[in-house]
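# A closer look at the structure
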Amino acid sequence: MKKLIIVFVILTVALPVFAQNRTPSLDDNIYYLNVPVEKVYPSVDGYIVQYRKNSSHTLGTIGLPIEWFTSGAAKAEVFNLPNGLDWPTMSIFYVNGEFSHVRLYLHPVKSHRTWGNLPLGTDVNRFFPSRETLIIEF
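Rules and cut-offs
Position numbers for residues count from 1 along each chain, tracking the sequence in the order it is written. Thresholds applied to this predicted model are a pLDDT of at least 70 for local features of residues and 80 or more for the giving and counting of side-chain atom pairs; totals over whole chains, interfaces and linings are not thresholded and use all residues. Remark: hydrogens and water are excluded; side-chain values derive from all non-hydrogen atoms of the structure. A helix here means a DSSP run of H or I that spans at least four residues, while a strand means a run of E at least two residues long, and both kinds are numbered starting from the N terminus. Contacts: residue pairs with any heavy atoms within 4.5 Å of one another. Computed with the Shrake-Rupley method and a 1.4 Å probe, the accessible areas treat only the protein chains shown as cover for residues. Two aromatic rings, drawn from Phe, Tyr or Trp (for Trp, its six-membered ring), form a pair once their centres lie within 6.5 Å of each other, and the interplanar angle then sorts them: stacked below 30 degrees, edge-to-face above 60, tilted otherwise. A 1.4 Å probe rolled over the protein chains alone gives each residue an accessible area, and that area as a share of the maximum for its type sets the label: buried under 20%, exposed over 50%, partly exposed in between. The rule is short: NZ of Lys or CZ of Arg within 6 Å of the ring centre and within 35 degrees of the ring normal puts a charge over the ring. Pairing between strands is defined by DSSP: at least two bridges between them are needed. With axes taken as lines fitted to C-alpha atoms, and helix axes fitted only over the stretch in contact, angles between N-to-C directions fall between 0 and 180 degrees.

### Notes on the overall build of the protein
- Helices and strands together make up the secondary structure of the protein, namely two helices and six strands.
- Taken from N to C terminus, the helices and strands of the protein fall in the order α-β-β-β-α-β-β-β.
- Of the contacts made within the protein by residues no fewer than 6 positions apart, 61% connect residues no fewer than 24 positions apart.
- When the accessible surface of the protein is summed, it comes to about 9,700 Å², and 59% of that surface belongs to carbon and sulfur atoms.

Shown next, in the form of structure tokens:
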């Protein structure tokens, strides 16, 4: 009986170690881009984000459809930054060279200077050219 208990304890300790050995696939090529956010405009269609381009000192603007935040297979998430001096950022994730999902790290207080308001009646459709993927300029 003691031998059976010892064998059971050894198996219980050793099995999780072998279960963790997953050989990484060469096909899993995952990377992300982190972009500083200048201004975020919430709208009925989604978030319109102004970001700093890396290649110059100009701003780029993209739209993140609201469906990406609410659907079952969410392509976008919003995380609240802690209070302090952290500046909002946007992280764009790619898997095998194709857009996977985006994360916005924003101030929770809507009165922060990085939050903006769109004038009533503004046509925002031009910021959402594709609702399937994210096309970003640098």
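### So, the packing of aromatic side chains
- Evaluated as defined, the whole model comprises six aromatic pairs.
- Taking the centre distance of 5.3 Å and the plane angle of 20° together, the rings of tyrosine 31 and tyrosine 94 count as stacked. Taken as a pair, tyrosine 31 in strand 1 (residues 30-42) and tyrosine 94 in strand 5 (residues 89-95) lie far apart in primary sequence, 63 residues in all.
- Since its relative accessible area comes to 11%, tyrosine 94 is described here as buried.
- Taken together through their ring pairs, the aromatic side chains of Tyr47, Phe69 and Trp115 make up a single cluster.
- In this arrangement the basic side chain of lysine 110 is found over the ring face of tryptophan 115, its NZ or CZ atom lying 3.8 Å from the centre.

### Considerations on the environment of leucine 104
- With respect to the helices and strands, leucine 104 occurs in strand 6 (residues 98-106).
- The sequence separation of leucine 104 and serine 91 amounts to 13 residues, and the corresponding C-alpha distance is 6.6 Å.
- The contact partners of leucine 104, leaving out residues within four places of it in the chain, are Tyr47, Val49, Leu64, Phe69, Glu77, Val78, Phe79, Thr89 and Met90.

### Topic: the sheet that holds strand 2 (residues 46-52)
- One open sheet accounts for six strands, arranged 3-2-1-5-6-4; its pairing is mixed. The open sheet has two edge strands with one neighbour each: strand 3 (59-65) and strand 4 (76-80). Ignoring strand direction, the axes of neighbouring strands in this sheet form an average angle of 35°.
- Sheet analysis places strand 2 next to strand 3, joined by seven bridges and oriented antiparallel.

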